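Chain by chain, the residues:
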Amino acid sequence: MKFKKNILCIGAGYVGGPSMAMIAYKCPDYRVTVVDINSARIDAWNSTELPVYEPGLDAIIKKTRGKNLFFAKDIENQIKENDIIFVSVNTPTKTFGAGAGQASDLQFLEKTARQILEHSQSPKIVIEKSTLPVKTALAMERILASAKGKITFEVLSNPEFMAEGTAMTNLEKPDRVLIGSRETESGLKARAQLVDIYARWVPAEKIITSNIWSAELSKLVANAFLAQRVSSINSISALCEKTDADISEVAKAVGMDGRIGSKFLKAGIGFGGSCFKKDILNLVYLCSYYGLQDVADYWESVVKINEYQQDRFLANILGSMFNTLAGKKICVLGFSFKADTGDTRESPAIYITRKLLAEHAQVVISDPKALKNAAIDLASDKGKISYVEDPYSAASGCHALAILTDWELYRKLDFQKIYKSMVKPAFIFDGRNIIDHKKCFDIGFNVYPIGKPALSRFEDQSSF
Ligand code: UDX
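Residues numbered from 1 in each chain as written. Predicted model: local features only at pLDDT ≥ 70, side-chain atom pairs only at ≥ 80, totals over all residues. Heavy atoms only, no water.

Asks: Give me the overall build of the protein chain: which residues, what numbers.
Replies: Broken down by element type, the protein chain carries 18 helices and 14 strands. In terms of overall size, the protein chain behaves like a compact globule, its C-alpha atoms giving a radius of gyration of 24 Å where 464 residues would be expected to give roughly 23 Å. Projected onto the principal axes, the alpha-carbon positions of the protein chain cover approximately 80 × 50 × 45 Å. The buried share of the protein chain, reckoned over its 464 residues, is 53%. Across the protein chain, contacts joining residues at least 24 apart in sequence account for 73% of those joining residues at least 6 apart. Surface exposure of the protein chain reaches about 21,100 Å², of which carbon and sulfur atoms provide 54%. (Helix = DSSP H or I, 4+ residues; strand = E, 2+ residues; numbered from the N terminus. Rg over C-alpha atoms; globule rule 2.2 N^0.38 Å. Buried < 20%, exposed > 50% of the residue type's maximum accessible area, 1.4 Å probe, protein only. Contact = heavy atoms within 4.5 Å. Areas by Shrake-Rupley, 256 points an atom, 1.4 Å probe, with all protein chains shown as cover.)

Asks: Provide a residue-level description of the nonpolar core, including the pertinent values.
Replies: Counting 41 residues, the largest nonpolar core has Ile10, Ile116, Leu144 and Ile280 as the members making the most contacts within it. It is helix H11 (residues 276-289) that provides the largest number of residues to this core, a total of 7 residues. Not counting residues up to four positions away in its chain, the partners in contact with isoleucine 280 are Ala224, Ala227, Phe271, Trp299, Val302 and Val303. In terms of nonpolar packing, the next biggest core, distinct from the first, is built from 39 residues, Ile23, Leu69, Phe86 and Trp201 among them. (Core = buried A, V, L, I, M, F, W, Y, C linked by side-chain atoms within 4.5 Å.)

Asks: A description of the pairing of strand S1 (residues 5-10) should follow, citing residues and the corresponding values.
Replies: Counted residue by residue, S1 has 6 buried out of 6 residues, so it is predominantly covered. Residue alternation in S1 divides its side chains into two sets, Lys5, Ile7 and Cys9 and Asn6, Leu8 and Ile10, and both sets are buried. Sheet topology note: the S1/strand S2 (residues 30-35) ladder contains 6 bridges and is parallel. By the bridge assignment, asparagine 6 is partnered in S2 with arginine 31. For the handedness criterion, the β-α-β arrangement of S1, helix H1 (residues 16-26) and S2 is classed as right-handed. (Pairing = 2+ DSSP bridges. Right-handed = clockwise from strand over helix to strand, strands pointing away.)

Asks: Got a sec to walk through helix H3 (residues 57-64)? Specific residues and values, please.
Replies: Residues Leu57, Ile60, Ile61 and Thr64 constitute the buried set of H3. The arc enclosing the buried residues of H3, seen along the axis, measures out at 100 degrees, which places them on a common side. Buried residues along H3 sit against H1, helix H2 (39-45), strand S3 (69-72) and helix H7 (167-172). Positioned one or two residues after H3, glycine 66 has a phi angle of 85 degrees, which is positive. (Arc of directions from axis to C-beta.)

Asks: Can you tell me about a nonpolar patch on the surface, naming the residues and giving the values?
Replies: Taken together, the side chains of Tyr289, Tyr290, Leu292 and Val295 define a hydrophobic patch exposed on the protein surface, amounting to about 430 Å² of accessible area. With respect to the helices and strands, tyrosine 289 occurs in helix H11. Owing to a relative accessible area of 59%, tyrosine 289 belongs among the exposed residues under this scheme. (Patch = residues over 30% accessible without salt bridge, like charges linked within 9 Å, V, L, I, M, F, W, Y side chains within 5 Å. Salt bridge = Lys/Arg side-chain N within 4 Å of Asp/Glu carboxyl O.)

Asks: Summarise the layout of surface pockets; cite the residues concerned and give the values.
Replies: Picture a little ball the size of a water molecule; that probe, rolled over the atoms, points out where space is still empty. Put simply, the second largest pocket is a space of about 610 Å³. Considering every element that reaches the lining of the second largest pocket, the biggest residue donor is helix H14 (residues 371-377), with 3 residues. For the lining of the second largest pocket, a count of residues per class yields 6 nonpolar, 5 polar and 8 charged. (1 Å grid on protein atoms, 1.4 Å probe; cavity = no way out; pocket = protein on both sides within 12 Å on 5 of 7 lines; lining within 4 Å. Points joined across faces, edges and corners; volume = space filled by probe spheres on them. Nonpolar A, V, L, I, M, F, W, Y, C, P; charged D, E, K, R; others polar.)

Asks: Could you give me a rundown of the pairing of strand S12 (residues 400-403), with the residues and numbers involved?
Replies: Burial along S12 is two-sided: Ala400 and Ala402 and Leu401 and Ile403, pointing in opposite directions, are all buried. Sheet topology note: the strand S9 (residues 329-333)/S12 ladder contains 4 bridges and is parallel. Following the sheet pairing, cysteine 331 is matched in S12 by leucine 401. In this structure, S12 lies alongside strand S13 (residues 427-430), joined through 4 bridges in parallel fashion. When the bridges of S13 are listed, alanine 402 appears paired with phenylalanine 429.

Asks: An account of the side chain of glutamine 78 is needed here, citing residue identities and associated values.
Replies: Mapping glutamine 78 onto the fold places it in helix H4 (residues 75-81). On the basis of relative accessible area, glutamine 78 is assigned to the buried category, the value being 9%. For glutamine 78, the residues in contact, after removing those within four places along its chain, are Leu8, Arg31, Thr33, Val35 and Ala72.

Asks: Tell me about the pattern of salt bridges, and please be specific about residues and values.
Replies: Under the defined criterion, the tally for this structure stands at 22 salt bridges. For the salt bridge of glutamate 241 with arginine 312, the shortest nitrogen-to-oxygen distance reads 2.9 Å. With glutamate 241 in helix H9 (residues 212-243) and arginine 312 in helix H12 (residues 293-320), this residue pair connects regions lying 71 residues apart in the sequence. Of the two residues, glutamate 241 and arginine 312, neither departs from the other in class, the shared state being buried. The partner of aspartate 246 in a salt bridge is lysine 452, with the nearest N and O atoms 3.1 Å apart. Taken together, the residues span a long stretch of sequence, with aspartate 246 in the loop between H9 and helix H10 (247-255) and lysine 452 in the segment after strand S14 (446-448) at a distance of 206 residues. The two residues aspartate 246 and lysine 452 agree in class, both being buried.

Asks: An account of the side chain of serine 366 is requested, with residue identities and associated values reported.
Replies: Here serine 366 lies in strand S10 (residues 362-366). In this view, serine 366 contacts Val332, Leu333, Gly334, Phe335, Leu371, Val388, Glu389, Asp390, Pro391, Ala394 and Tyr410; residues no more than four positions away in its chain are not counted.

Asks: An account of the site of the ligand is needed here, citing residue identities and associated values.
Replies: Close contacts around the ligand come from 19 residues, with Phe161, Glu164, Lys266, Phe337 and Lys338 the closest. Interatomic distance of 2.6 Å between a backbone N/O atom of phenylalanine 161 and an oxygen atom of the ligand. Note that an oxygen atom of the ligand is positioned 2.9 Å from one of the side-chain N or O atoms of arginine 432. Protein contacts shield 89% of the accessible area of the ligand, which totals 670 Å² for the unbound molecule. Examining the composition of the shell around the ligand, we find that 4 residues originate from one element, H9, more than from any other. Taken together, the residues of the shell around the ligand sort by class into 11 nonpolar, 2 polar and 6 charged. (Near = heavy atom within 4 Å. Polar contact = N/O pair within 3.5 Å; in protein donor to acceptor, adjacent residues only side chain to side chain.)

Asks: Please give an account of the sheet that holds S9 that cites residues and values.
Replies: Sheets are built from strands that pair by backbone hydrogen bonding, the pairs being arranged parallel or antiparallel. Within the open sheet, the 6 strands sit side by side as S11-S10-S9-S12-S13-S14. Their pairing is parallel. Strands with a single pairing partner mark the edges of an open sheet, and in this sheet they are strand S11 (385-387) and S14. Across the sheet, the mean angle from the axis of one strand to that of its neighbour is 20 degrees, orientation sign disregarded. Against the sheet, H12 contacts S12, S13 and S14, and its axis sits at roughly 165 degrees relative to S13. Of the strands in this sheet, S9, S10 and S11 are in contact with helix H13 (residues 348-358), which crosses S10 at around 155 degrees. (Axes fitted to C-alpha atoms, helices over the stretch in contact; angles between N-to-C directions.)

Have a look at this one:
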C-alpha cells in the first residue's frame, strides 16, 4: 500500500509511543514509524507487554501495529525514508557541569539532530516534541543547516501536554494542540503540513499556531503554572492548620471564582512526576541565564514550597507520635506520584520513606501498581522495608498509616478492620485528604489530615 505521508518518531517513550499511536489510529493513510536507540524498548512495543501503561493504549496499538504503525530499530534507514520526523528523546535535568541540577541535558537531542543530518537525502520537517528550553530550536537549526548540498530542514515545535494515566483521552480530545514555526514562507508551509495532520481529528479552533519560541516556552510555562497552583494551595494548607480553617472549604470557595477555576487546587504532600520539578528548574535556569534573578527566585519558590510541604508532613508525624518513631512500624499507603499509575518518578513517597527510615521507623509499603518501582527507588535501603500489596496485611501490626497516593481503593478501605489489627494508639496521616476523617476518628484513630484541624485524642500535642 502506498501511504500519503511517511512519519517518523525518534524516541519511543511515554510521549513518543502514545502520541504516534494516536496519529496512526486517526490517519490510516499515513505510515507512522517509531524508532529508539534502546532496542529492548522497541521489542517491548512489538510485544503484548507494552513498555508504557495507559488506559486505552493497548486497544489502539492492536488496531494499528503492523498496518500503519511500526516500531523499528533501523534508525538510519528510517531517517532516509521519512519526510516528517518527530523528535521525542529524553531531556533529563543535567547532573554535571554548568547548570547541573537545573538545566536540561540536551545531549540526546543534539545526537539525534546530528543523526538526522548525517542520514537525510531529501528535505525534512523536524518537529521537537520533547519539552525543551526556549531557543533549543536554534541549536537544532544550526546543526541541520550545516547540511551540504540542497537538503533543507524546517524545525517546528509541537510540545505534548498530555498527562499520565489520561494520555489517550488527552491525545484524542486535547485542550489544544500547539504548533510553533519560523514565520518565513518555508516555515509557514511546514507548519501547515503539521496542522493538516492534527486537523484529521482535532477541531480547527483547538489547533493554535505561534512563533517557534512561544511554542517552546509555553510548555514549560504550562507545567510551571500547574505546579504553582499545587504549591499555592499547599502553602495555604499550612495556614489552615494554624487557624482551624479547612483547606477543602477554602479551595472550594476560591475555585468557584470563574477567573481562578477549581482544578489543581487539591492540597496534599506535594507534586511529583517526571515533568513538574524538571521543567520548573529548567525555567529557573533560563531566567537566571538571561539575568532575570527575581523571576528565577519566584519560580524556584514553587519547588521550595513543595519540599516544605513534605517536611511539614514528616514533622507532623514525628510530633504527633510523641517525637520518636524509632522501632515503630509505619504503613505507607501509596507510593506512585499520583493515582492510576505505577510511575514513581519524583514521587514524594520516596523522600518521605527515606526520612521515616532516618528516624529508625520500620516501613511497610503498600501500593496496587508501584511496588516494583518502589523497590528499585529504595534499593539502597534493601532489608529495612517490607513491600506488601494487600493494604490490610500491610497495616496489620503498624502504629500508623501514612496515605501518600490518592488511590480510589484507599477511600473504600474497611478502617474498622484495619484499626483492630494495629498497635494502639493508632494514627492516620492522610497526605491526600481522601478518607472520611470523622469516621476514622470515631473508630478510634487519631487522624491528621492536610490543612484541616487534626482529630486527635492528644489535644496538647500541637502539630508542630
Ligand atoms: C503533568 C502535566 O499535567 C502535563 O500537562 C504535562 O505534559 C506533564 O506533566 P503528570 O506528570 O502526568 O502531567 O501529572 P499531573 O496529573 O499533572 O499531576 C502532577 C502532580 O501534582 C501529582 O503528583 C499530583 O498528585 C499533584 N497534584 C495535582 C496535587 O497535589 N494537587 C492537585 O490539585 C493536582
